[in-house]
Amino acid sequence: GEPVRGAALLLFFLLRSRRSHRQAQRELVLLRAKAEAAEQLNAQTQALAHRQNAPAVRDGLGEVLEQVHLVLGAEVKDQPLEEVPILGMDQARLRQVSHNVKGAFGIDHPIPSWEMGELALRLNTLRTQVRETELAAAVAFEAPGETPRPDIIRALNRLSSAVYILFCKLLAEK
């Protein structure tokens, strides 16, 4: 009768909303792959900054890379991730500067163009890679049945802000 049909529908929707263990594992593997891609792109961008005699960019990316390592370690070891300043800024300051580049650097929010030069474009590519990693973390950790990791998602957001700040600062200095 009707109660059996209602229970069957409820069970169907409950089962459909739950991810399989295999799907959850795939999402974590994707997150780690995205983080490793960001790590590699960061190192390549550091090398380019070194070749182009941009020590501030190279050293800032060193801080970003350290943070990527902390994020990966916290995820793999299932440990909490503490907020550590990046580029000498806490989360609030990173947000303030990255959302007000006109006030911080005297430039409008940049739109990528070949005229920016290779290092600036590589920085922006790294920023987008970190954003993709943040999205992968949101999918992996905010799904039903998964342990939430707002600390990792927040850290990745801070990292993309830090790379954006390096990008804008480089453009402002040209």
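Every value quoted in this text rests on a predicted model; they were computed, and no experiment measured them.

Visitor: Just to check I follow, could you spell out the overall build of the chain for this structure?
Guide: In terms of helices and strands, the chain carries seven helices and zero strands. The secondary structure elements of the chain, listed N-terminal to C-terminal, are α-α-α-α-α-α-α. Counting the 174 residues in the chain, one finds 40% classified as buried. A total of about 10,300 Å² of accessible surface is found on the chain, and carbon and sulfur atoms cover 56% of it.

Visitor: Could you clarify how one ought to interpret unusual backbone geometry in this entry?
Guide: For residues besides glycine, phi is generally negative; the peptide bonds are generally trans as well. If you check the backbone angles, Asn53 has positive phi at about 55° while not being a glycine. With respect to the secondary-structure elements, Asn53 resides in the loop between helix H2 (21-51) and helix H3 (55-77). Positive phi values are uncommon outside glycine, yet Asp78 reaches one of about 55°. Turning to its location among the elements, Asp78 is positioned in the loop between H3 and helix H4 (91-99).

Visitor: Hey, could you run me through the packing of aromatic side chains in this one?
Guide: Aromatic rings in a pair are described by how distant their centres are and how their planes are angled relative to each other. Summed over the entire model, instances satisfying the criterion amount to one aromatic pair. When the centroid spacing of 6.1 Å and the interplanar angle of 45° are considered together, the rings of Tyr164 and Phe167 count as tilted. Here Tyr164 pairs with Phe167, and both are found in helix H7 (residues 150-173), just three residues apart, close to one helical turn. Residue Tyr164 shares its accessibility class with Phe167, and that shared class is buried.

Visitor: I keep staring at the side chain of Asn42 and nothing clicks. Help me out?
Guide: Checked against the element boundaries, Asn42 lands in helix H2. Asn42 gets classed as buried once you look at its relative accessible area, which sits at 0%. Among all residues touching Asn42, those that are not within four sequence positions of it are Leu61, Val64, Leu65 and Leu126.

Visitor: How do you make sense of the packing of H2 against helix H6 (residues 118-141) when you look at a structure like this?
Guide: The description of two helices packed together rests on the angle between their axes and the distance between the axes. Contact geometry of H2 with H6 gives a least axis separation of 9 Å together with a crossing angle of 165°. Taken together, H2 and H6 sit at an angle that is classed as roughly antiparallel. In this structure, H2 crosses over H6, and the sense of that crossing is left-handed. Residue composition of the contact of H2 with H6, grouped by class: 18 nonpolar, six polar and five charged.

Visitor: I'm lost on the confidence of the model for the chain in this one. Help?
Guide: Close inspection of predicted coordinates is inappropriate in any region flagged by low pLDDT. Overall, the prediction assigns the chain a mean pLDDT of 88, with 86% of residues at 70 or greater. Scored below 50 in pLDDT, residues 12-17 makes one contact in the model with residues more than four places away or belonging to other chains.

Visitor: Explain the packing of H6 against H7 to me, please; I cannot follow it from the model alone.
Guide: Between H6 and H7, the least distance of the axes is 9 Å, while the angle of their chain directions is 170°. Classed by the angle they form, the pair H6 and H7 counts as roughly antiparallel.

Visitor: It is not clear to me how H2 should be interpreted in this structure. Could you clarify?
Guide: For an α-helix the count is 3.6 residues per turn, leaving residues at separations of three or four pointing the same way. With 31 residues, H2 should cover 45 Å at 1.5 Å per step; its first-to-last C-alpha distance of 45 Å lies within 8% of that length. The complete set of buried residues in H2 reads Ala24, Glu27, Leu28, Leu31, Ala35, Ala38, Leu41, Asn42, Thr45, Gln46, Leu48 and Ala49. Tucked into the core, H2 has its buried residues touching H3 and H6. Downstream of H2 by one or two residues, Asn53 has phi in the positive range, about 55°.

Visitor: Help me understand the environment of Glu66, please; the structure alone is not making it clear to me.
Guide: In this structure, Glu66 sits in helix H3. With a relative accessible area of 53%, Glu66 lands in the exposed category. Once the C-alpha coordinates of Glu66 and Glu39 are considered, the two residues, 27 residues apart in sequence, prove to be 9.4 Å apart.

Visitor: Would you mind going over H4 with me for this structure?
Guide: What H4 keeps buried is the set Leu94, Val97 and Ser98. Down the axis of H4, the smallest arc covering the buried residues is 95°, so these residues share one side. Exposed positions of H4 whose direction lies more than 90 degrees from the buried face are Ala92, Arg95 and His99. Contacts from the buried residues of H4 go to helix H5 (101-105) and H7. One side-chain oxygen of the residue at the start of H4 lies 3.3 Å from the amide nitrogen of Ala92, identifying that residue as Asp90.

Parameters at a glance
Residues numbered from 1 in each chain as written. Predicted model: local features only at pLDDT ≥ 70, side-chain atom pairs only at ≥ 80, totals over all residues. Heavy atoms only, no water. Helix = DSSP H or I, 4+ residues; strand = E, 2+ residues; numbered from the N terminus. Buried < 20%, exposed > 50% of the residue type's maximum accessible area, 1.4 Å probe, protein only. Areas by Shrake-Rupley, 256 points an atom, 1.4 Å probe, with all protein chains shown as cover. Phe/Tyr/Trp six-rings, centres within 6.5 Å; stacked < 30°, edge-to-face > 60°. Contact = heavy atoms within 4.5 Å. Axes fitted to C-alpha atoms, helices over the stretch in contact; angles between N-to-C directions. Parallel < 35°, antiparallel > 145°, perpendicular 65-115°, else oblique. Left-handed = near helix turned anticlockwise from the far one by under 90°. Nonpolar A, V, L, I, M, F, W, Y, C, P; charged D, E, K, R; others polar. pLDDT = per-residue confidence, 0-100. Expected span 1.5 Å × (residues − 1). Arc of directions from axis to C-beta. Polar contact = N/O pair within 3.5 Å; in protein donor to acceptor, adjacent residues only side chain to side chain.

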